[in-house]
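One-letter residues, chain by chain:
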Amino acid sequence: MLGDVTSITGILPVQADAGDDPARILRFAVDAMQHGGAALATLIDIRGGAARALGTHMAIAADGRFCGYVSGGCVETAVAAEALLAIASGCDRIIKFGEGSPYFDIVLPCGGGITVAIHVLRKADPIEQVLAELSARRPAALVYDCLSQHLVVADKVPVRSSLRGDEFLTVYRPQTRVVVSGQTGEAEAVCRIAQAASFGVSTPNDPNFRDIDAFTAVVLLHHDLDKETVVLNEALASPAFYIGALGSTRTHHQRLERLRSKGVPSECFDRIKAPIGIFGPTRDATSLAISVVADIAAARLAAFG
């Protein structure tokens, strides 16, 4: 198939960015559209197992560069090749891979199958609106009509990405932001690992440190309960999806007693993950940081899918 693409378009697909951040992929798509044309590929159906979630994107530029992936590296070049043909013809495509696909030579390791919608971008406005919403830390959604080949911003943001008749809704949520409170080696390690995981990170030196929204995780890494009080109270009053605090089980009991004495409702106590982290006691800062960041990732998945 790649030979056919090269003979028709004179272009061979090449991966320019392996990142999977939706905002980054959408920005790539807008930039590519403004410099020669682009297509946006979306995973709209999964049959059996799959490496990626519904709504996952790839952006493909008319010059053959592509960003993102829809199947963990199994079919990306083939998707990009189909996208180049779609751009050349000016017509969208719906392509199946794996189970039920006409491409018998492309087999997904998971044994399942996927369907990818390839939309030739004709205007950037819908994507730019989504990017603006994400920049303002608000969720957004796009609706792709497979029949009319139109892409528009959804009036309401559904719970998750899904195919509804001939329309596919892709949901976007702001980047995970981690508020780290503490002047310890553990705090520095958590900041480092969180940044490596592509999370936004805020420390007490940041002006927006206390801007805690529903897509924020609050991490309290103090060895003195008095020093965490202000941030903990603000976290409990916020919609933060994760609140974790350093300390043993005994320390946590003391923390709860202090909160109870100040009139904090007991139903708030279950929001605090303490001892912090996804696995057992740790004895070094890096292990603790990995445990905390993994716990945040798990909590985000549980909260938003």
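Reading the values: the criteria
- Residues numbered from 1 in each chain as written.
- Predicted model: local features only at pLDDT ≥ 70, side-chain atom pairs only at ≥ 80, totals over all residues.
- Heavy atoms only, no water.
- Axes fitted to C-alpha atoms, helices over the stretch in contact; angles between N-to-C directions.
- Helix = DSSP H or I, 4+ residues; strand = E, 2+ residues; numbered from the N terminus.
- Left-handed = near helix turned anticlockwise from the far one by under 90°.
- Contact = heavy atoms within 4.5 Å.
- Nonpolar A, V, L, I, M, F, W, Y, C, P; charged D, E, K, R; others polar.
- Expected span 1.5 Å × (residues − 1).
- Buried < 20%, exposed > 50% of the residue type's maximum accessible area, 1.4 Å probe, protein only.
- Salt bridge = Lys/Arg side-chain N within 4 Å of Asp/Glu carboxyl O.
- Core = buried A, V, L, I, M, F, W, Y, C linked by side-chain atoms within 4.5 Å.

### Topic: the packing of helix H6 (residues 225–236) against helix H7 (residues 249–261)
- Relative to each other, H6 and H7 sit at 60°, their axes nearing to 12 Å. Regarding H6 and H7, the two cross each other, and that crossing is right-handed. Residue-level contacts link Leu225, Asp226, Glu228, Thr229, Leu232, Asn233 and Leu236 of H6 to Thr251, Gln254, Arg255, Arg258 and Leu259 of H7.
- Among the residues making up the contact of H6 with H7, the classes are represented as four nonpolar, four polar and four charged.

### Concerning helix H5 (residues 185–196)
- Here H5 spans 17 Å end to end across 12 residues, near enough to the 16 Å set by a 1.5 Å rise per residue.
- Those residues of H5 not exposed but buried are Glu186, Ala187, Ala189, Val190, Cys191 and Ala194.
- For H5, the secondary structure elements touched by its buried residues are strand S11 (177–181), strand S12 (200–202) and helix H8 (285–304).
- Positioned one or two residues after H5, Ser198 has a phi angle of 70°, which is positive.

### What about the environment of Phe168?
- Among the secondary structure elements, Phe168 is positioned in strand S10 (residues 167–172).
- Remark: the alpha-carbon pair of Phe168 and Tyr144, spanning 24 residues in sequence, is separated by 5.2 Å.
- Ignoring sequence-local partners within four residues, the contact set of Phe168 consists of Thr42, Leu43, Ile44, Leu54, Gly55, Leu142, Val143, Tyr144, Ser161, Ser162 and Leu163.

### Quick notes on the pattern of salt bridges
- Within the structure shown, the criterion is met by 13 salt bridges.
- Between Asp213 and Arg137 there is a salt bridge; the shortest N-O distance is 2.5 Å. Within this pair, whereas Asp213 is found in the loop between S12 and strand S13 (216–220), its partner Arg137 is found in the loop between helix H4 (125–135) and strand S7 (140–145), the two being separated by 76 residues in sequence.
- Taking the relative accessible area as the measure of exposure, Asp213 reaches 18% and is therefore buried.
- For Glu257, the salt bridge identified is with Arg260, shortest N-O distance 2.6 Å. Placement of both Glu257 and Arg260 in helix H7 is noted, with a separation of three residues, approximately one turn of the helix.

### Topic: the environment of Cys146
- Take Cys146: it is sitting in the loop between S7 and strand S8 (150–153).
- Counting along the chain gives 22 residues from Cys146 to Phe168, while the straight-line C-alpha distance between them is 7.6 Å.

### Some thoughts on the nonpolar core
- Formed by 26 residues in total, the largest nonpolar core has its most connected members in Leu26, Leu40, Leu121, Ile127 and Val130.
- Of all the secondary structure elements, the ones that give two or more residues to this core are helix H2 (22–33), strand S2 (38–47), strand S3 (57–61), H4, S7 and S10.
- With seven residues, H2 is the single largest residue contributor to this core.
- With residues near it in sequence (within four places) discarded, Leu26 still touches Leu40, His57, Ile127, Val130, Leu131 and Tyr172.
- The next biggest cluster of nonpolar side chains, apart from the first, holds 23 residues, and it includes Cys191, Ala194, Leu246 and Val292.

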